[in-house]
Amino acid sequence: MKKQIAGLVLLGLACTATSVSAEEDRELRQKVEALEAKVAELEGRSESEGHGDSHGFDKHKFHGGIVLKQDAFFGFQTILDAGYEVADNIDFTFYSWLWTNPNFGKSSVVSGGNNVGGQGLWTEFGIGLNFRFLDNTLSINPNIGMLNGSLLSSEVVGEDIRAGEGVVPNLVVNYDNDYFAANLYVAYYMATRGPRARDFLHNWINVGVKPALFGLGKTLPINSVGIHWEHLWAAKNRIDSSLEGVVYNWVGPYIEFGLPKNLALRFAGGFDVKSDVSNNFYQASIKLNF
């Protein structure tokens, strides 16, 4: 009898253990299923972020930046430039350059009267192709831009504000490795509408060295230090040819600081060799790269 009771007790304990084990297995399976569902959700969200938030494009193929810039002649400017990789070492590029100097629109400083304001400000938009070489250290980016406003097309700046008043073929060349940095910009601002009053040539080049060249790469928060040269030429004035010629000719040192979050701060200053606008020049910019 005792043996039978002992056997029943053992059987009961075994059934209880089996029941507990089954319950634990059930809970474990539920947790695994929930974890798998969460992983699938995260994978779907990651795929959506890679494409949906970029309007169907692969966000990893985008690059570019936003620049806030101010200098002694053009005043405040906002520039957005971006590129999208369309083939190996080739990007489709586009940009927008917003000029805010009121002298480029309706302003009594240029046109007389009381029409001071921010109307008809020069607005530039362009597209192009960027070709990358030498493991992306060298890029050559030809563009064609469209100008909107009245600076090029009107006899009196600020009158007859036009969309598509001119075109601007331009070239941007960049070189950037561990020790050196260089940037070249050349643009011809050509009037295409109205009296076609004015054409301009705008160009600059800056060449610099990086702290790593002197073994200071991790010591100073400086991207590069070098020389900046910039030139603006009134190439054509169909209203008054006596106004043709060099507008300014700047030369001086620059320094660019590297900041967290892909930010950079650059300052250049020096002399205007032409000295008609001013004896000195200054230029500062803040760029956010993405």
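Model, not experiment: these values are computed from the prediction. (Residues numbered from 1 in each chain as written. Predicted model: local features only at pLDDT ≥ 70, side-chain atom pairs only at ≥ 80, totals over all residues. Heavy atoms only, no water.)

**A look at the overall build of the protein chain**
Secondary structure assignment for the protein chain yields two helices and twelve strands. Counting from the amino terminus, helix and strand elements in the protein chain follow one another as α-β-β-β-α-β-β-β-β-β-β-β-β-β. With 290 residues in all, the protein chain has 34% of them scored as buried. Once local pairs closer than 6 in sequence are excluded, the contacts in the protein chain between residues at least 24 apart make up 51%. (Helix = DSSP H or I, 4+ residues; strand = E, 2+ residues; numbered from the N terminus. Buried < 20%, exposed > 50% of the residue type's maximum accessible area, 1.4 Å probe, protein only. Contact = heavy atoms within 4.5 Å.)

**Notes on the pairing of strand 11 (residues 263-272)**
Inspection of the sheet shows strand 10 (residues 245-259) paired to strand 11 by eight bridges, in the antiparallel sense. Looking at strand 11, one finds that Ile255 is bridged to Phe267. Between strand 10 and the antiparallel strand that follows it, strand 11, lie three residues; Lys261 among them carries a positive phi value of about 60°. (Pairing = 2+ DSSP bridges.)

**Re the pairing of strand 1 (residues 62-71)**
Examined bridge by bridge, strand 1 and strand 2 (residues 75-87) share ten bridges and lie antiparallel to one another. In the sheet register, Lys69 faces strand 2, and the bridge partner there is Gln77. Between strand 1 and strand 2, which follow one another and run antiparallel, lie three residues. Direction of pairing for strand 1 relative to strand 12 (residues 280-289): antiparallel, over a ladder of seven bridges. The partner of Val67 across the bridge, within strand 12, is Lys287.

**Re a nonpolar patch on the surface**
A cluster of nonpolar side chains, Ile66, Leu68, Phe76, Leu80, Phe257, Leu259, Leu263, Leu265, Ile286, Leu288 and Phe290, forms an exposed patch at the surface whose accessible area comes to about 850 Å². Of all the secondary structure elements, the ones that give two or more residues to the nonpolar patch are strand 1, strand 2, strand 10, strand 11 and strand 12. Here Phe257 lies in strand 10. (Patch = residues over 30% accessible without salt bridge, like charges linked within 9 Å, V, L, I, M, F, W, Y side chains within 5 Å. Areas by Shrake-Rupley, 256 points an atom, 1.4 Å probe, with all protein chains shown as cover. Salt bridge = Lys/Arg side-chain N within 4 Å of Asp/Glu carboxyl O.)

**A look at the side chain of Asp272**
Mapped onto the fold, Asp272 is located in strand 11. No salt bridge is formed by the buried Asp272; its nearest oppositely charged neighbour, Lys274, is found at 8.3 Å. Within the local environment of Asp272, its side chain forms a polar contact with the backbone nitrogen of Lys274, the two atoms lying 3.0 Å apart. Non-local contacts of Asp272, meaning those with residues more than four positions away in its chain, are made with Tyr248, Asn249, Trp250, Val277, Ser278, Asn279 and Asn280. (Lys, Arg positive; Asp, Glu negative; His and termini not counted. Polar contact = N/O pair within 3.5 Å; in protein donor to acceptor, adjacent residues only side chain to side chain.)

**Brief notes about the packing of aromatic side chains**
Ring pairs (aromatic) are described by centroid distance and by the angle formed between their planes. One pass over the structure, following the stated rule, counts 19 aromatic pairs. Feature note: the residues Phe73, Phe74, Trp97, Trp99, Phe104, Trp122, Tyr185, Tyr189, Trp204, Tyr248, Trp250 and Phe281 constitute an aromatic cluster, connected by ring pairs. The ring of Trp204 has Lys69 lying over it, and the distance from NZ or CZ to the ring centre is 4.3 Å. (Phe/Tyr/Trp six-rings, centres within 6.5 Å; stacked < 30°, edge-to-face > 60°. Lys NZ or Arg CZ within 6 Å of the ring centre and 35° of its normal.)

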